[in-house]
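Here's the letter readout for the chains.
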Amino acid sequence: MSFFGRFVEAGRIVLITFGKYADKIAVIVDILDQNRVLIDGPSTVNGIPRHVISLKWVSLTNFKIDIKRGAKLDEVEKKFQEEKIQEQWSKTSLAKKLKLKDMRAKMTDFDRFKLGFAKSKRKAILGAEIKRLMKEKK
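Residues numbered from 1 in each chain as written. Predicted model: local features only at pLDDT ≥ 70, side-chain atom pairs only at ≥ 80, totals over all residues. Heavy atoms only, no water.

- Looking at an unreviewed UniProt entry, the chain carries the name 60S ribosomal protein L14, with the source organism given as Anaeramoeba flamelloides.
- Regarding the chain, the UniProt comment filed under Sequence similarities (unreviewed entry) reads as follows: "Belongs to the eukaryotic ribosomal protein eL14 family." (UniProt positions renumbered as here; feature names shortened; annotations may be inferred.)

Here it is in structure tokens:
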């Protein structure tokens, strides 16, 4: 029985956590040494070209596609599309959190005001309803 469940291996889907392509997923195509891997987006799907990245800049996910070491772009893209990795990733809680973080970062001052106003309105409605239910209970 293994203590670890996610391994650095060809075909493992990783989340890039730092750099130009942060918060995007890619596929490990080859392992160069114990600190660096060759990843591919594939570039036709999410715009990440094949390049070398440090393992400190990526986070391993539970997803894996069945490819051989050094697989070509066509093969990686085909497997990525067949197993619907992008759709599976978008359903995870981490992907949803990253999307929400991105949406909040893009909010304007007026959007933040509208959000705060809606939250205060909801809080008032909930408070009134709870008060009414507590009176009925007595």
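Focus on the packing of aromatic side chains
Okay, step 1: Tallying each qualifying case throughout the model produces four aromatic pairs.
Okay, step 2: Ring geometry for phenylalanine 110 against phenylalanine 113: centres 6.2 Å apart, planes inclined by 25°, an arrangement best described as stacked. A residue pair is termed a helical-turn pair when its members lie 3 or 4 positions apart in one helix, as phenylalanine 110 and phenylalanine 113 do in helix α5 (residues 109–137) at three residues. Each of the two residues, phenylalanine 110 as well as phenylalanine 113, counts as exposed.
Okay, step 3: Measuring from ring centre to ring centre gives 6.2 Å for phenylalanine 113 and phenylalanine 117, while their planes differ by 25°; the resulting arrangement is stacked. Within this pair, phenylalanine 113 and its partner phenylalanine 117 are both found in helix α5, separated by four residues, close to a single helical turn. (Phe/Tyr/Trp six-rings, centres within 6.5 Å; stacked < 30°, edge-to-face > 60°. Helix = DSSP H or I, 4+ residues; strand = E, 2+ residues; numbered from the N terminus. Buried < 20%, exposed > 50% of the residue type's maximum accessible area, 1.4 Å probe, protein only.)

Some remarks on the sheet that holds strand β3 (residues 36–40)
Okay, step 1: Spatially, five strands are ordered β4-β3-β2-β1-β5 in an open sheet, and the strand pairing comes out antiparallel. The strands lining the two open edges of the sheet, one partner per strand, are β4 (51–54) and β5 (58–64). Going from strand to strand, the sheet's axes swing by 50° on average, the running direction of each strand aside.
Okay, step 2: With four bridges joining them, strand β1 (residues 12–16) and strand β2 (residues 24–31) adopt antiparallel strand pairing. Counterpart to isoleucine 13 in the pairing with β2 is valine 27. (Pairing = 2+ DSSP bridges. Axes fitted to C-alpha atoms, helices over the stretch in contact; angles between N-to-C directions.)

Some points on the nonpolar core
For soluble globular proteins, nonpolar side chains are generally found buried alongside one another.
Okay, step 1: Residues Ile13, Ile25, Val27, Ile85 and Trp89 are the most contacted members of the largest nonpolar core, which totals 16 residues.
Okay, step 2: Elements with a minimum of two residues in this core: β1, β2, α2 (73–82), α3 (85–90) and α4 (93–105).
Okay, step 3: Broken down by element, this core gets its largest block of residues, three residues, from β2.
Okay, step 4: Those residues in contact with isoleucine 25 that lie beyond four places of it in its chain are Ile13, Val14, Leu15, Gly41, Asn46, Ile48, Phe80, Ile85, Gln86 and Trp89.
Okay, step 5: Listed in part, the eleven residues of the second largest apolar core include Ala26, Val37, Val58 and Leu60. (Core = buried A, V, L, I, M, F, W, Y, C linked by side-chain atoms within 4.5 Å. Contact = heavy atoms within 4.5 Å.)

Brief notes about the UniProt feature "domain: Large ribosomal subunit protein eL14" (unreviewed entry) in the chain
Okay, step 1: The positions UniProt marks with the feature "domain: Large ribosomal subunit protein eL14" (unreviewed entry) are residues 49–123.
Okay, step 2: Helix makes up 59% of residues 49–123 and strand 15%, with an end-to-end C-alpha separation of 47 Å.

Observations concerning the pattern of salt bridges
Okay, step 1: Within this structure, the stated rule accounts for eight salt bridges.
Okay, step 2: Measuring nitrogen to oxygen at the nearest pair gives 2.4 Å for the salt bridge that ties arginine 132 to glutamate 136. Of the two residues, arginine 132 and glutamate 136 are both situated in helix α5; the distance of four residues between them amounts to about one turn of the helix.
Okay, step 3: For glutamate 136, a relative accessible area of 54% puts it in the exposed group. (Salt bridge = Lys/Arg side-chain N within 4 Å of Asp/Glu carboxyl O.)

Describing the side chain of threonine 61
Okay, step 1: Within the fold, threonine 61 resides in strand β5.
Okay, step 2: A distance of 2.6 Å separates the side chain of threonine 61 from the backbone oxygen of isoleucine 13, its partner in a polar contact.
Okay, step 3: A polar contact of 3.3 Å, which involves the side chain of threonine 61, links it to the backbone nitrogen of phenylalanine 63.
Okay, step 4: Ignoring anything within four residues of it in the chain, the contact list for threonine 61 reads Arg6, Arg12, Ile13, Val14, Leu15 and Trp89. (Polar contact = N/O pair within 3.5 Å; in protein donor to acceptor, adjacent residues only side chain to side chain.)

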